[in-house]
Amino acid sequence: MAEIMVLGGGIAGISAAWYARNAGSKAVIFEAKDRWGGLLDHFTVDGFRFDNAVHFAFSSNEEYRKVLELTDHFTHKPEPYNYEQGRWLKHPVQNNLYPLPAEDKVKAIKSFIERPEQTEDPNYREWLGQQFGEVIAGRFPARYTEKYWTVPAERLSTHWIGNRLYRPTLDEVLFGAMTDRTPLTYYLQEMFYPKQGGFRSFLNPLVDGLDIRTGKKAVRIDPLRRSIDFSDGSVEYFEHLVSSIPLPELAEMTEGTPKAVKEAAATLWATSVALVSLGFNCPQAGDYLWFYIYDHDIRPARVHAPYRKSPDNVPAGFSSLQFEIYFSRYSPLKKTPEELTEHVIEAVGRMGLASPADISVRDCRVLPYANVVFDRGMTARRDFVLEHMRGLGILPVGRFGLWDYLWSDQSFLSGKSVESLPGVI
Ligand SMILES: Cc1cc2nc3c(=O)[nH]c(=O)nc-3n(C[C@H](O)[C@H](O)[C@H](O)COP(=O)(O)OP(=O)(O)OC[C@H]3O[C@@H](n4cnc5c(N)ncnc54)[C@H](O)[C@@H]3O)c2cc1C
């Protein structure tokens, strides 16, 4: 019997097993796919490496930073851009309006000055208007929300925002409207990426010596017998169970889950992302490490340049871009992978990123779980499900296990909660 059984071999599951082992306990990871890494894994097409959407590592947590230090890495300065109607604006737009026509700037600044008072518990759309004024809110973040979160901002709560959206002073808005000599106001000052092997390399020091069994997809959990059935017909028994698999799936596959818990779990939903990844046989594609697209006639919301993260991600002298197209149960993907790829290639030319004739590699694939969505009331429904699972002795961890908007460092730190299991420390 494994002392601790961990479902899912992403960073949260790996971290749980790592902390358990460091505390002298035995842990075994069961991962559905044939490789560990989850969202932090990558795929390679004809010598071009593309991460599974993940971009950079960063953290203020000392413990996680020590793990990152074990891998030789580049340090990048976060200087993203925004594309709207043929213009490139520094990020964040609210204090970088400089490239806009003068009439638009005047309207935006007036509306910033006249923005409404903050109210108690606003929805995300109201919150945006209260922070930035109606003109900036409506033209930029609210439109982006429909692409990234796949629903209108009115449907979202504000629980997930944290420090992600910069709230400028009037002076900063004015300054950024008059000049492009604005300071970096992104919520991070530096970001890290391995020199070799893609983001996943950061996990190598953690997996060393861990017992990870791949190709093991859990399909049924019996909390009374303390057993798990896997899709290959095998059965394992556990003393403690840690789960990083999506919470709604955990509730569905656990024997005896009450109807009310199953119903609450069924209301939890996440966006999915279609990744269109392109390799170019020219040394430069686009000018930026990453950027956001506001126009709705260009489907991707965000674009990253893997070759700028590390030249090890491309054959020498080549370049690459990865486009993120979000969809969900409320905004289904209506195009085939071929149609999406053709659409992105047309956008590459239209946005002046590179010549479509230079494309040598193309790939389109879907990640079913991207971002958990904070629609209004979600946290209460999620907590109800989590409480039930914890009551059964199951310890949820990770972005989808805890059903939270966690960066990789937070997913890593969630694994540390194994130390709370009886007998682990
Ligand atoms: C588009 C995008 C961009 C991001 N960019 C960044 C970034 O720049 N920086 C950053 O720090 N974070 C970023 N993140 C967040 C980061 O990717 C996550 O926080 C982290 O990877 C989550 O790790 P996890 O282990 O919780 O989940 P996952 O990586 O999803 O791992 C869960 C694992 O469980 C496995 N599994 C699922 N079901 C079963 C089953 N039934 N049985 C067994 N195994 C199963 C899955 O195959 C998977 O391997 C980004 C996320 C997205 C979606």
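Preceding this section is the structure that the text describes.
Cut-off values and rules
- Residues numbered from 1 in each chain as written.
- Predicted model: local features only at pLDDT ≥ 70, side-chain atom pairs only at ≥ 80, totals over all residues.
- Heavy atoms only, no water.
- Core = buried A, V, L, I, M, F, W, Y, C linked by side-chain atoms within 4.5 Å.
- Buried < 20%, exposed > 50% of the residue type's maximum accessible area, 1.4 Å probe, protein only.
- Helix = DSSP H or I, 4+ residues; strand = E, 2+ residues; numbered from the N terminus.
- Contact = heavy atoms within 4.5 Å.
- Near = heavy atom within 4 Å.
- Polar contact = N/O pair within 3.5 Å; in protein donor to acceptor, adjacent residues only side chain to side chain.
- Areas by Shrake-Rupley, 256 points an atom, 1.4 Å probe, with all protein chains shown as cover.
- 1 Å grid on protein atoms, 1.4 Å probe; cavity = no way out; pocket = protein on both sides within 12 Å on 5 of 7 lines; lining within 4 Å.
- Points joined across faces, edges and corners; volume = space filled by probe spheres on them.

Asker: Even after reading the chapter, I still don't get the nonpolar core, so can you show me in this structure?
Answerer: Inside soluble globular proteins, nonpolar side chains tend to come together where they are buried. The biggest cluster of nonpolar side chains holds 108 residues, and the ones touching the most others in it are Leu 7, Tyr 124, Leu 128, Ile 228 and Val 242. Counting residues per element, this core draws most heavily on helix H1 (residues 11-22), which supplies eight residues. Discounting chain neighbours no more than four positions away, the residues touching Val 242 are Ile 4, Met 5, Val 6, Leu 7, Ala 16, Leu 395, Val 397, Val 418 and Leu 421. Phe 43, Leu 278, Phe 327 and Val 361 belong to the second-largest nonpolar core, a separate cluster that totals 34 residues.

Asker: It is not clear to me how the site of the ligand should be interpreted in this structure. Could you clarify?
Answerer: Taken together, 34 residues lie around the ligand, and Glu 31, Leu 39, Phe 56, Leu 406 and Ser 408 are the ones closest in. Ala 12 is positioned with one of its backbone polar atoms (N or O) 3.0 Å from an oxygen atom of the ligand. Glu 31 has a polar side-chain atom sitting 2.6 Å from an oxygen atom of the ligand. Computed on the free molecule, the ligand has an accessible area of 1000 Å², of which 95% lies beneath the protein chains in the complex. Contributing elements (two or more residues each) for the shell around the ligand: H1, strand E2 (27-31), strand E16 (319-327), helix H14 (398-401) and helix H15 (408-414). For the shell around the ligand, the element with the highest residue contribution is H14, accounting for three residues.

Asker: Any chance you could explain empty space enclosed by the protein here in plain terms?
Answerer: Using a probe with the size of a water molecule, rolled over the atoms, empty space left in the structure can be pinpointed. Overall, the coordinates contain one cavity of 30 Å³ or more when judged by the stated rule. Within this model, the largest cavity holds a volume of roughly 30 Å³. The wall of the largest cavity is formed by Leu 97, Leu 100, Asp 104, Ala 108, Val 135, Ile 136, Arg 139 and Phe 140. Going through the elements one at a time, helix H3 (102-113) and helix H5 (134-139) are the ones with two or more residues in the lining of the largest cavity.

The values are spatial; any link to function lies outside them.
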